[in-house]
Structure formats: C-alpha cells, structure tokens
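# Summary of the model geometry
One letter stands for each residue in the lines below.
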Amino acid sequence: MQNATFPSGDNAMLLSPARFAALLALFATLLPLAAVATTPPQRPARVLLVNSYHPGYKWSDDIGQGLWDGLSRSGRKVELSMEFLDSRRFPTGPHRRSLLTVMQTKYQNYRPDLIVAADNAAFDFITQHRAELFPGVPVVFCGYNNLRPEALEGLERITGVNEEVNIAATVDAALALHPATRTLVFVLSTGELSSARHVPLVEKDVAPRYRSRYRIETIKDASMAEIRRRLASVGRDALVFIAGQTRDAGLGRALTPEENGRLIASASPAPVYSFWDFYLGTGVVGGLVLNGRDQGLAAAEMGARILEGTPPEAIPPLMSSPTTAQFDYRAMRRHGIAESALPAGAVVLNRPASLWELYKWQIVASLCALLTQTALIVVLLRLMRQRRQALVELERERGRLEERVVERTGELAARGEQLAEAVAVRDAILDNAVVSIALLKGWRFVWLNPHMVDTFGYAAGELIGQTPERLCAAPGDWRRAADDAPAALRGGGQQGEFLLRRKDGSTLWCLISGRALDPAHPARGTIYIAVDIDARHHAEHALQALNAELERLATVDPLTDLANRRSLLTALQREGERAARYGTRFSVLMIDVDHFKTINDEDGHEAGDRALRGLAQTLGQTVRATDLAGRWGGEEFLVICPETGPGGALTLAETLRGRVEGADFGLPRRVTVSIGVASSHAGIALDALLRDADAALYRAKAAGRNRVATTRPSAEPAG
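Attention here is on the structure that accompanies the text. (Residues numbered from 1 in each chain as written. Predicted model: local features only at pLDDT ≥ 70, side-chain atom pairs only at ≥ 80, totals over all residues. Heavy atoms only, no water.)

### What to know about a positive patch on the surface
Put simply, the test is: Residues forming no salt bridge and having over 30% relative accessible area are the ones grouped into patches, like charges within 9 Å of each other and nonpolar side chains (Val, Leu, Ile, Met, Phe, Trp, Tyr) within 5 Å. In these tables, accessible area is a Shrake-Rupley quantity obtained with a 1.4 Å probe, and a residue counts as shielded only by the protein chains included in the view. A pair is scored as a salt bridge if a Lys or Arg side-chain nitrogen falls within 4 Å of a carboxyl oxygen belonging to Asp or Glu. Counted as positive: Lys and Arg. Counted as negative: Asp and Glu. His and the chain ends are not counted at all. Lysine's charge is taken at NZ, arginine's at CZ, aspartate's at CG and glutamate's at CD. A run of H or I in DSSP becomes a helix once it reaches four residues, and a run of E becomes a strand once it reaches two; helices and strands are each numbered from the N terminus.
On the surface, a cluster of positive charge is made up of Arg382, Arg385, Arg388 and Arg515. With 3 residues, helix H12 (residues 355-399) is the single largest residue contributor to the positive patch.

### Section: the packing of aromatic side chains
We count it as follows: Pairing of aromatic side chains here covers Phe, Tyr and the six-membered ring of Trp, requires ring centres within 6.5 Å, and sorts the geometry by plane angle: under 30 degrees stacked, over 60 edge-to-face, intermediate tilted. Consider the ring centre and the ring normal. A charge sits over the ring if Lys NZ or Arg CZ is within 6 Å of that centre and within 35 degrees of that normal.
Tallied over the full model, the rule gives 16 aromatic pairs. Through a chain of ring-to-ring contacts, the aromatic side chains of Tyr53, Tyr57, Trp59, Phe186, Phe241, Tyr273, Phe275, Trp276, Phe278 and Tyr279 assemble into a single cluster. The ring of tyrosine 110 is capped by arginine 46, whose NZ or CZ atom sits 4.3 Å from the centre of that ring. The ring of tryptophan 632 has arginine 565 sitting right over it, with the charged end atom 4.0 Å from the ring centre.

### Some remarks on a nonpolar patch on the surface
Applicable threshold: Buried residues are those whose accessible area, probed at 1.4 Å on protein chains only, stays under 20% of the maximum for their type, while exposed residues exceed 50% and partly exposed ones sit between those limits.
Taken together, Leu355, Trp356, Ile363 and Leu367 make up a surface patch of nonpolar side chains, about 400 Å² in accessible area. Here isoleucine 363 shows up in helix H12. Classification of isoleucine 363 by relative accessible area gives partly exposed; the value is 30%.

### A closer look at the pattern of salt bridges
Evaluated as defined, the whole model comprises 32 salt bridges. Arginine 536 is the partner of glutamate 497 in a salt bridge, and the nearest nitrogen-oxygen pair spans 2.6 Å. Here arginine 536 lies in helix H17 (residues 534-555) and glutamate 497 lies in strand S17 (residues 494-501), a separation of 39 residues in the sequence. On the accessibility criterion, glutamate 497 (38% relative accessible area) is partly exposed. In this structure, aspartate 603 engages arginine 669 in a salt bridge whose closest nitrogen and oxygen atoms are separated by 2.8 Å. Placement of aspartate 603 in helix H19 (residues 596-603) and of arginine 669 in the loop between helix H21 (646-662) and strand S23 (673-679) is noted, with a sequence separation of 66 residues between them. Note on aspartate 603: relative accessible area 25%, which makes it partly exposed. Overlapping salt bridges bring together Arg215, Glu217, Glu226 and Arg230 as one network.

### Points about helix H9 (residues 257-267)
Under the convention used in this document: In this analysis, two residues are considered to be in contact whenever any of their non-hydrogen atoms come within 4.5 Å of each other.
Considered for burial, the residues of H9 that qualify are Pro257, Glu258, Asn260, Gly261, Ile264, Ala265 and Ala267. Where H9 is buried, its residues contact helix H2 (58-73), strand S8 (183-188), helix H8 (224-232), strand S10 (238-242), strand S11 (272-274) and helix H11 (329-334).

### A look at the environment of glutamine 617
Of note, glutamine 617 is situated in helix H20 (residues 605-622). Remark: the alpha-carbon pair of glutamine 617 and valine 660, spanning 43 residues in sequence, is separated by 9.9 Å.

### Observations regarding the sheet that holds strand S22 (residues 636-641)
Worth spelling out the cut-off: Two strands are counted as paired when DSSP detects at least two bridges linking them. A fitted line through C-alpha atoms represents every axis, and for helices the fit uses only the stretch in contact; the resulting angles, taken between N-to-C directions, go from 0 to 180 degrees.
Pairing is mixed across the open sheet formed by 5 strands, whose spatial order is S21-S22-S20-S23-S24. For this open sheet the edge positions go to strand S21 (628-633) and strand S24 (708-710), each flanked by a neighbour on one side alone. Averaged over all pairs of adjacent strands, the angle between their axes in this sheet comes to 25°, without regard to strand direction. Lying on the sheet, helix H22 (residues 686-702) is in contact with strand S20 (587-593), S21, S22, S23 and S24; it crosses S23 at an angle near 145°.

### Some remarks on the pairing of strand S19 (residues 526-532)
If a strand is regular, its side chains alternate between the two faces of the sheet. Most of S19 sits inside the fold, with 6 of its 7 residues counted as buried. Pairing analysis gives 5 bridges linking strand S15 (residues 436-441) to S19, with the strands arranged antiparallel. From the neighbouring strand, serine 436 faces S19, where its bridge partner is alanine 530. Note that strand S18 (residues 507-516) and S19 share 7 bridges and pair antiparallel. Paired with glycine 514 across the strands is tyrosine 528, a residue of S19.

In short, the description is geometric, and any link to function would need to be established separately.
Written out as structure tokens, the structure reads:
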C-alpha cells in the first residue's frame, strides 16, 4: 500500500494509512472536550414568586418553602425572587398602583423566565398587568380559590393549581367526633375575595345538605363583638366552622387569619373547626385541611416542566386539592376529644412529650446498671455467707480431727479443694467487680479491690492502714458516718450518699453501703461497697435547675424581664379576691407607648425593643415595692397597685408619664406614653376593671397622647 503525502513548506511529511486513521480518531475525541471547555456556563433560571399575602403568614411561607423544595428537586439551578402584595392585611387602596410602579422599575432589566402567582390577589394582579410588566412570560398560579374554567378564558401561557376546600368532608369528620351535635354554625365573610368565594359554596351547597337534620346558622360579615354575642348563645351541642374573617381590623390593617382564629376560638363554647392548616394552634380543633406546602410543590412541578420547554398550555390545571386530617392536641383536650376517635391516619399536632419519650434510653440504662449492681451485690453477699458457713464447719471438724485423722484424711482434702475453689471464685469476683469494695477494721482500710484503686487513683499501699477520712471531700461527712456506724451496723447495715475525693483532687458522688461481717461483733470488720452515682446526681441537679428556669420563663417576659401576661392575670385575680375579702380597693394603670409603630417602622425593631426595655426600667424605678408591673402585650404594660384609690393611682401615673417623657432611651426621638387609670370598687368584675382602664387609655390617646386619663368605672353608680 502506498503512503499518503501531505506537502508542508519545502518538505513533505509521509503518513501511513494506519497513522492517518489514528490521528483522525484522536482529533474526534478531543474536539467535544474543547467545545465543552469553551461553552459558557448556563445561567440559573429566574423565577419570580408574587405572593398575595405577607411574610410570616404560615400559608404564604409554606407555599414559598414548597416552591423552593420542588424547584430544588428538579436539579436545575434557580434564582428565586419574591414580592408580597400583603392583600390580607391591606386588601384595597391606591398602594397597588405604587406596587406596579415599583415592580416596573425593579424588573426593568431583569426579565424572569417564570412567574408563580400565589393565591387570588396575586393571580388578578399578574393577569391584569402582565402585558406591562412581563409580556410573554409564562405564569403558574397556585392557591387559587375555587377555580372555574371561565377564569382562564382569554389568558395565554398560563396554568396552575386549584385551591378548593372540601367543606362537607370536614363537617362530616366533625360530626363523627360529636354525634350529639344539634347546631352547625358557619362564620363567613365577603370583604376579602378569597373568603367571599366560600359564601355561595356554604349557602347553596353545604347548608341545604344538612338543614333537614341540624339547625344551620351563618354569621356573615360580622364584627368580633357580634360574633361573641352570637356564639355565646349556642350550646355545647353546636359545631363552629371558620370559612371567613371578622369585620374588625387591627391597628391600620385587617386582621390575619391566625388573629381571627384565636379570637373566634376563644369566644366559642363549642368546638371550632376549619379547612386550612394555618388555623391550627389558635384554639381551632382541626379538620380535613389544605396546606400551602402542597400547593407550592405542585406549582414547582409544573414550573420545572415549563423551564424545560413544555408549553404552559400543554399542562392542564390541577383541579383536585389534597387535604390532610390534622388536629390540635390542646384544643382536643379542651373539648374532651379522645385521640382514638380521630379518623385513621390523622396527624395530631402540639402533643407534649412524655418523660419516657424524653429520657427513655437514660432510664433504661440506669435500670440495667442498677439491676447489674444489685445482682453483683447479691452474689457477693451469698459468697460471704458461704465462706462463713465453711469456716464454722471447719472449726467443728477440727475438734474431732485427732480421732478421725486416718479415716477422714481423704474427705478433708476434698473439702479443702472445694474451699479453695470457692475462695478463688470469690477473689475473682472481687477483683473484677465494677464497684469499689473495701474491708475496714477499727475504721482503717485492711483490703481494697482493684476497681477502688482505679477509681480513686491511690495505690493500695497508700490507703491500707488509713481511715476513710482521706477520701471524704467534706470532713463533716466522715465524722457523721463514724458516729452513725455502730448503731447502723448492729441493725444490719449502713447506707448513704457521700461526696468523695480522688487523689487528683476531682470529686464524685457515691452511694456507700456497709455491712458488718458479724453484726454481733462489729470489731471483726465491715465490708463497704461504693457505687458511682456521680452522673445521676448531676443529672438530678441539672433537672432541678431546668425546672426552676422553666418556671421563671413561664412567668417573666423575656424582653423586659417584667412579669408576663400570665403572671399579671394571676396577680390580678389574687388582688381582686383580697379586695373582695377585706373590702379594700386597688387600681390598675394601662400603659401604651405612643407612636410605637412609627418607632419600629422608621427606626427599626431594635429601636422598638430598646424603647420597651427603657420603659420597663423606668417602671421598675418608679413603682412601689408593693406594686406589680408587667408587659400586657406588644407595647402595652400594666401596673397593679394594691391598697390604692383613684387619687394615688393618678399621682403615680402622672409621675411615671413625666419620667418617661424626660428619659433618654438612646433613640432618635423622645419616647412618651399614654396611661389609662381605673380603680376597683365593690361588685366590679376584673374584666370590667380592665375595660375601664383600656377605655381611659383610649381617652388619653384621643386627647393627644402623652397624658393620663381616667374614666368612671363600669359598675360604679354615678354620684
């Protein structure tokens, strides 16, 4: 075969066909590697989550977490951005146009690859403004309440997950737990779009289904005062279902679902159920609930498919909404619901851990160690008893030895072998025992086992002939043990816990048990066994310290170190009973920090905390030793003044107001307070007294703040 010739300058390079093929193969192998090395890295996918609500709201947080978890599982790098419309607390207003302007400016040069709209408000916002903000960007929605096909008419490049509660399923589950039910009460509202969608579902579908068997009541668009009044009239044979919100608002915003849940559950004498997991922990029993994480995971699965190239139109909306049977342990206990009555597979939240669950392995280990040590002690005592019996028998035989030397020599030799074996076994057990054992005569060591030498670090020769005082960490322990020993040993034994000291100076707690070799003659010697209980002793002290700290945390506000609301309510109840018993009066001061929200919003939450701590310090320096000051909640404080009438309480309140106004809390602005004063009188209930103080506080606020106000008590006649 001829060689191929390739010209190269003036010379020629000759290649055989085999070499030419090898070069081609090498070139084909290296070419993809060079392409990979020069390919720029793929940028992360840009995903924008537009959330209808606010951070800290469980439903919103769970959707965000589920979305992130689901996208992370896809294996693709994702850059997740979030925007919050806060429509639950601020449902309407001109701020929506401002949000649009902010988002236009913010994402002008940052085009997302995918938009996820969580809940109805975000869906409406994105579908109305997508052409202005993100033209052509695909949209995945989730948490959309009761989705109907007409909602998607005319919309392109959009798909998502329906959120539809199964009200009838939760009602049936609740009725199974409460077979004596006579009345079904539904709390509904139309002021917020998501809640309004459930009104026709209850009124037209659910209520007719049960009306023939139960009395149906609906409380719609009601204030909290009206809800309390309506719920107070229902008996314990009723069930309450939350599918809407109270009409009341907070300080400049709508109440959150958690706040509504706590208010409604606390006002209802009957069990309260709902259809979303964010109500659990507010006093609501539970139900077949929806949760935000499942919504976020489903949206993430759709979003991952879209990012991989699947058109949104090819992914049909997910109409079925998974639910989970979840119940709150504390609410179940309040209404006497047995856990065994729950549906199969139900999840129970907030169940307290038992002592066995917390310390199971420590308890098992301690019991095993105790049983082992007990068995060893029993074996040792049995061997000692056998040895004494053998010695007695030997003495008896010795008297007849001369007469029977010849005939009993063999028998005696056999017994000697048995005795030697028993002694060898005893010595082996003593030498390998895992407890410290010592023999004392005349209160001096005459023998130690190896474990005692290892435990205390002394050589046997250093302790033989010494008294146990050398091992006692406290000299008084030695003297007390020596004084008690004679009577204790005559009675059968001596036992106690002692702190002992090793040679290196370290200490350990031991349980020491002593028994005389011959109780009738203690001078013949005493055997002592020391069991190391140092770990148990320290664990008991640690548990006592932990219980004391838990008691303190249960009664003290952690930010201000003042009494918390629980302590204040207990003290208020006690003071009310004392005043009723002895016919005395007492007063309360309801204190609120003026413009506290402004401090938090403009100066930061650390400044707000500093203001609260400064007010707490001023309170502690101003009130009397007999008064009790505490944090009532948020920026509100309460002072209970025993043996104090209106005049004294007003004087104290004015003094406190002035000191706060003149105090420097290290903030950019002066801190002032408004104070409402109320005094008790015969026949007034504690809640009425607190309402009087609260009403006086609002009078002070309405009069311009930084002042003290009082009002006529609720049950005190005019005159």
